[in-house]
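Reading the structure
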Amino acid sequence: MKKIIVGLSVLTTLHAINYDELVELALKNNTQLEIFQTQQEQLLLEGKISTRMANPELEVGIADFSYRRVFEKHDFGRSIGLSQSLLLPSVKRDRNRFSQSQVDRHKASYQVKKQTFVYTLAMKYLEYKEAIKLEALQEEALMISENIRLIAQKRYTLGTGLKSEFLQAKIEHKRLQNSKNSLALKAKQILNELQALAKVEALTSLESEHTFRAMTEGALHPLLSVSKEQEKLAKAKERMVSHNIESVSFFSELETEPSEDIFRVGVSIALPMFNQKSEEKQLAKIEQANAKLLFKSQEKSLKIEIEQLKNERAMLEGLLVDHEGLRVEQNELLETYKRGYGIAKINLLEVQMTKQSLIDNEESIIKIKMAIERNIVKMNYLKGVRYE
């Protein structure tokens, strides 16, 4: 995998990378995602810390059993004791479950960050794709304008056309050239934004032919997954804090006295008389209830937004059919007007208006197609379709 990534990095300086390569590089270069993912290991380690066995405690002592302490022989006693605290098996089990729930929630949160990043990248890519297509359209408009300018020049040279019309054709051609340069600048600026977002070095060119397709199946939206995992975490926390007694301490002790030896064994248990964790239990229940409410609210909002996107896409597709239906007639009309202008039957203004109407319609088609693709990208994101 590392060799493939390195290869892709080298290729970015040699040829235009495609969208999938861009996403792969962007995910590799996203330090925040990498850091967030490594935090899963931190949570696992913290879980192990909460359930690991405590160190045993050793107690050593000495006692003086003499009545007289000066100029007399002293009788000493000695003691040694060992104690070990152990978590109850049920407590350890519930702490492990809580720790795993924390990891699962973190994984869901990671997916939110990852899929939101890819969604943002896709939307920025569509901006770039639209700018490139509009620039290409402007190039076509320049070619038409150049053809009209040559006709106007020929008519002016032959004395069948006005100088003002020839100058108008030249001005229109220069206007379109300036417009094309502005669109090229905009495309370059968006490419720079993509480069900064993906943190890709030397991104000089990017293919703009990727088409997003609607996916029929997907998992839960990442935000819903987080809410569901938060509810599971709250349940695990409620079970974990339900234990009034969490550990017991076993001890053994040996005492040696002048007249006898004593061996003791026993167990120490904290009695839940004053602290029964009632507040912790209430907090866990509140967190669980809030997680359920949040899930239902987010689920409802997503359903509404998905339905709105479906209706919007249907309208956009209808508009696309209407605009594409004009294309053939407008092209035919423009060619007719150009022939008519060439033989002085049509004036330049009519030709320019027809040409502009054709270009405006083509621009509308591009923008509608891009709007449909944005709709698809957002729909896939809301449906929980993941980029793996």
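All figures in this text were calculated on a predicted structure; none of them were measured in a lab.

What follows concerns the overall build of the protein. A count of helical and extended segments in the protein gives 8 helices and 4 strands. Going from the N terminus to the C terminus, the protein shows its helices and strands as α-α-α-β-β-α-α-α-β-β-α-α. Relative to its 388 residues, the protein shows a buried fraction of 36%. In the form shown here, the protein has an accessible surface area of approximately 23800 Å², with 56% of it arising from carbon and sulfur atoms.

Our focus in this paragraph is the pairing of strand β1 (residues 57–64). Of all 8 residues that make up β1, 0 are buried, and the element is exposed over most of its length. Where β1 lies against strand β2 (residues 76–87), 8 bridges are found, and the strand directions are antiparallel. Across the sheet, Leu-58 pairs through a bridge with Leu-82, a residue of β2.

Below, the discussion takes up the pattern of salt bridges. Taken as a whole and judged by the stated rule, the model has 19 salt bridges. With a closest N to O distance of 3.9 Å, Lys-369 and Glu-324 form a salt bridge. Taken together, the residues span a long stretch of sequence, with Lys-369 in helix α8 (residues 348–383) and Glu-324 in helix α7 (residues 278–342) at a distance of 45 residues. Residue Lys-369 is classed as partly exposed on the basis of its relative accessible area of 36%.

Once that is clear, we can look at the side chain of Glu-255. For Glu-255, the location among the structural elements is in strand β3 (residues 247–256). On the basis of relative accessibility, which here comes to 18%, the residue Glu-255 falls in the buried class. A polar side-chain atom of Glu-255 sits 2.6 Å from a polar atom in the side chain of Arg-264. Among all residues touching Glu-255, those that are not within four sequence positions of it are Arg-78, Ser-79, Glu-260, Asp-261, Ile-262 and Arg-264.

Turning next to the nonpolar core. What tends to happen in soluble globular proteins is that the nonpolar side chains get buried as a cluster. Ranked by internal contacts, the top residues of the largest apolar core, which has 55 residues, are Tyr-19, Leu-22, Leu-206, Phe-212 and Val-377. The set of elements that each furnish at least two residues to this core consists of α2 (19–29), α3 (31–51), α4 (89–158), α5 (163–198), α7 and α8. Take this core: its biggest share by element is 17 residues, from α4. Residues in contact with Leu-206, not counting those within four places in the same chain, are Ala-16, Ile-17, Asn-18, Leu-22, Tyr-125, Tyr-128, Leu-191 and Leu-194.

Next up on the list: the environment of Ala-131. Looking at where Ala-131 falls in the secondary structure, it is placed in helix α4. The sequence separation of Ala-131 and Leu-185 amounts to 54 residues, and the corresponding C-alpha distance is 9.3 Å. Ignoring any residue separated from it by four or fewer positions in sequence, one finds Ala-131 in contact with Ala-187 and Ile-190.

Here we take up the sheet that holds β2. Judged by pairing direction, the sheet is antiparallel, and its 4 strands sit side by side in the order β1-β2-β3-β4 without closing on themselves. Two strands close off the open sheet at either side, each with one partner strand: β1 and β4 (261–269). Along the sheet, successive strands turn relative to each other by an average axial angle of 15 degrees, direction set aside. Examined bridge by bridge, β3 and β4 share 9 bridges and lie antiparallel to one another. Looking at the pairing, Ser-249 lines up with Ser-268 of β4.

Another point: α3. With 21 residues, α3 extends 31 Å between its outermost C-alpha atoms, agreeing within 8% with the 30 Å of an ideal straight helix rising 1.5 Å per residue. Restricting attention to buried positions, one finds in α3 the residues Leu-33, Phe-36, Gln-40, Leu-43, Gly-47 and Thr-51. For α3, the angular spread of the buried residues around the axis is 80 degrees, confining them to a single face. At the N-terminal boundary of α3, the capping side chain belongs to Asn-30, with an oxygen 3.2 Å from the backbone nitrogen of Gln-32.

All chains considered together, the criterion is met by 4 aromatic pairs. Judged by centre distance (6.3 Å) and plane angle (75 degrees), the rings of Tyr-125 and Phe-212 are edge-to-face. You can see Tyr-125 sitting in helix α4 and its partner Phe-212 sitting in the loop between α5 and α6 (222–240), a full 87 residues away along the chain. When its relative accessible area of 11% is taken as the criterion, Phe-212 is described as buried. Through pairs of rings, three or more aromatic residues link up here, namely Tyr-19, Tyr-125 and Phe-212. Above the ring of Phe-36, the side-chain terminus of Lys-113 is found at 5.2 Å from the ring centroid. Here the guanidinium or amino end of Lys-228 rests over the ring plane of Phe-295, the centre of that ring lying 4.5 Å away.

This paragraph deals with α2. When α2 is considered as a whole, its buried residues turn out to be Tyr-19, Glu-21, Leu-22, Val-23, Leu-25, Ala-26 and Asn-29. Between the side-chain oxygen at the start of α2 and the backbone nitrogen of Asp-20 there is a gap of 3.2 Å, and the oxygen is on Asn-18.

Criteria and thresholds
- Sequence positions are assigned chain by chain, starting from 1 and proceeding in written order.
- In keeping with the predicted nature of the model, local features appear solely for residues at pLDDT of at least 70, side-chain atom pairs appear and are counted solely at 80 or more, and the whole-chain, interface and lining totals rest on all residues.
- Excluding hydrogens and water, the side-chain figures rest on all heavy atoms present in the structure.
- Under the scheme used here, helices are H or I runs from DSSP no shorter than 4 residues and strands are E runs no shorter than 2 residues, and both carry numbers assigned from the N terminus.
- Only protein chains enter the accessibility calculation, which uses a 1.4 Å probe; a residue is then buried when its area is under 20% of its type maximum, exposed when over 50%, and partly exposed in between.
- Residue exposure ignores everything except the shown protein chains as possible cover, and the areas themselves are Shrake-Rupley values with a 1.4 Å probe.
- Strands qualify as paired when DSSP identifies two bridges or more between them.
- Any carboxyl oxygen of Asp or Glu that lies within 4 Å of a side-chain nitrogen of Lys or Arg is treated as forming a salt bridge with it.
- Here a polar contact is taken to be a pair of N or O atoms separated by no more than 3.5 Å, where protein atoms must pair a possible hydrogen donor with a possible acceptor and residues adjacent in sequence count only if both atoms sit in side chains.
- Any pair of residues with heavy atoms lying within 4.5 Å of one another is described as a contacting pair.
- Here, nonpolar core refers to any group of buried Ala, Val, Leu, Ile, Met, Phe, Trp, Tyr and Cys residues whose side-chain atoms link them within 4.5 Å.
- Here an angle of 0 to 180 degrees is reported between the N-to-C directions of two axes, which are lines fitted to C-alpha atoms, with helices fitted over the stretch in contact.
- Expected helix span is taken as 1.5 Å per residue step, with the number of steps being one fewer than the number of residues.
- This arc corresponds to the set of directions leading from the helix axis out to the C-beta atoms.
- Think of it this way: a Phe, Tyr or Trp ring, Trp meaning its six-membered ring, pairs with another when their centres are within 6.5 Å, and the plane angle makes it stacked under 30 degrees, edge-to-face over 60, tilted otherwise.
- In this analysis the charged atom, NZ for Lys or CZ for Arg, is taken to sit over a ring once it is within 6 Å of the ring centre and within 35 degrees of the ring normal.

Without other data, these values stay purely geometric and don't point to any function.
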